[in-house]
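Observations on the three-dimensional arrangement
The primary structure of each chain is shown beneath.
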Amino acid sequence: MKAIKLLPLVLLFLVASCSSVRVTSDYDTSTDFSQYKTFAFYKKGIDKVELSDLDKRRILKAVEKELLAKGFTKSENPDVLVNIFTKSRQKVDVYNNSSMHFGWHPWYYGPNFGMHISKYTEGTLFIDLIDAEKKELAWQGIGSGGLTTSGNVTKKEERIKEFVAEIMSKYPPVID
């Protein structure tokens with residue numbers, strides 16, 4: 001009975017752990033970020049990203065929206081070039097709550113010693129801002145988290161917007 005009461009808590013934890021985006025950023029400490037006012041996308045780099053064209057457009061649209069909200073304007077002669085890169089990998093999480101009950105598993109039906117297995121895809125999105133004049137990386141934001149694997153386009157778009165918004169919340173950097 002105790003295991004049944006803990007199940008909703010475990011499921012909530014699993015959903016929360018897959019839905020949050022972990023974000024970090026790095027930057028050149030000698031850069032004056034207040035000088036950057038215009039941007040363009042770095043087509044050569046973006047063309048190399050191994051994503052569907054639809055997902056690339058979704059990411060770029062979300063990045064553009066965030067930069068415009070920060071006061072940037074799109075330009076043919078930009079201060080910064082925006083590049084993206086992605087990675088993904090399969091993750092398996094095993095949780096043990098030390099109680100025994102009977103249940104079904106893909107490999108057998110029988111005693112379950114409190115083991116809960118969760119499989120999901122974790123994606124990482126890198127957003128690079130490259131100083132267009134110096135041709136050097138000025139800022140990089142990285143976001144990692146569980147991806148939506150369902151065929152629901154609306155959920156996919158929302159997840160991409162969430163990733164990009166969380167990453168771009170770290171720009172401009174707060175210099176210590």
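For the structure itself, look to the data block above.
Everything quoted here is computed from the prediction, not taken from an experiment.

Taken as a whole and judged by the stated rule, the model has eight aromatic pairs. Summarising the aromatic geometry, the rings of F39 and F72 are spaced 6.3 Å apart at their centres and angled 75° between planes, so their arrangement reads as edge-to-face. Of the two residues, F39 sits in strand β2 (residues 38-41) while F72 sits in the loop between α3 (53-69) and β3 (73-74), which places them 33 residues apart along the sequence. Take F39: its relative accessible area is 0%, and that puts it in the buried class. With a centroid separation of 6.0 Å and an interplanar angle of 50°, the aromatic rings of F72 and Y171 are classed as tilted.

Looking now at the environment of I46. Note on placement: I46 falls in helix α2 (residues 43-47). Discounting residues that sit within four places of it in the chain, I46 has contacts with F41, K56, L60, V82, N83 and I84.

Time to look at unusual backbone geometry. The omega torsion of the bond from Y171 to P172 falls at -5°, within 30 degrees of zero and hence cis. Tracing the sequence through the fold places P172 in the segment after α4 (153-168). In this structure, K135 takes a positive phi of about 60° despite not being glycine. Looking at the element boundaries, K135 is found in the loop between β7 (115-131) and β8 (136-146). The class of K135 is exposed, set by a relative accessible area of 61%.

Once that is clear, we can look at the nonpolar core. Counting 28 residues, the largest nonpolar core has I127 and V164 as the members making the most contacts within it. Looking at this core, the elements with two or more residues in it are β2, α3, β4 (80-96), β7, β8 and α4. Leave out the neighbours within four places in its chain, and V164 touches I59, A62, V63, E66, L125 and I127.

Let's shift gears to the pattern of salt bridges. Two side chains carrying opposite charge are able to pair once their charged atoms lie near each other. What the rule picks out here adds up to eight salt bridges. R22 serves as the salt-bridge partner of E122, at 2.3 Å between the closest nitrogen and oxygen. With E122 in strand β7 and R22 in strand β1 (residues 22-27), the pair connects residues that are 100 residues apart, well separated along the chain. Residue class for R22 comes out partly exposed when judged on its relative accessible area of 44%. With a closest N to O distance of 2.8 Å, E162 and R159 form a salt bridge. Remark: R159 and E162 occur in helix α4; sequence separation between them is three residues, near one turn of the helix. Residue R159 is classed as buried on the basis of its relative accessible area, which comes to 8%. Shared partners join several salt bridges into a network, and the residues in it are D55, R58, K156 and E157.

Analysis parameters
Residues numbered from 1 in each chain as written. Predicted model: local features only at pLDDT ≥ 70, side-chain atom pairs only at ≥ 80, totals over all residues. Heavy atoms only, no water. Phe/Tyr/Trp six-rings, centres within 6.5 Å; stacked < 30°, edge-to-face > 60°. Helix = DSSP H or I, 4+ residues; strand = E, 2+ residues; numbered from the N terminus. Buried < 20%, exposed > 50% of the residue type's maximum accessible area, 1.4 Å probe, protein only. Contact = heavy atoms within 4.5 Å. Core = buried A, V, L, I, M, F, W, Y, C linked by side-chain atoms within 4.5 Å. Salt bridge = Lys/Arg side-chain N within 4 Å of Asp/Glu carboxyl O.

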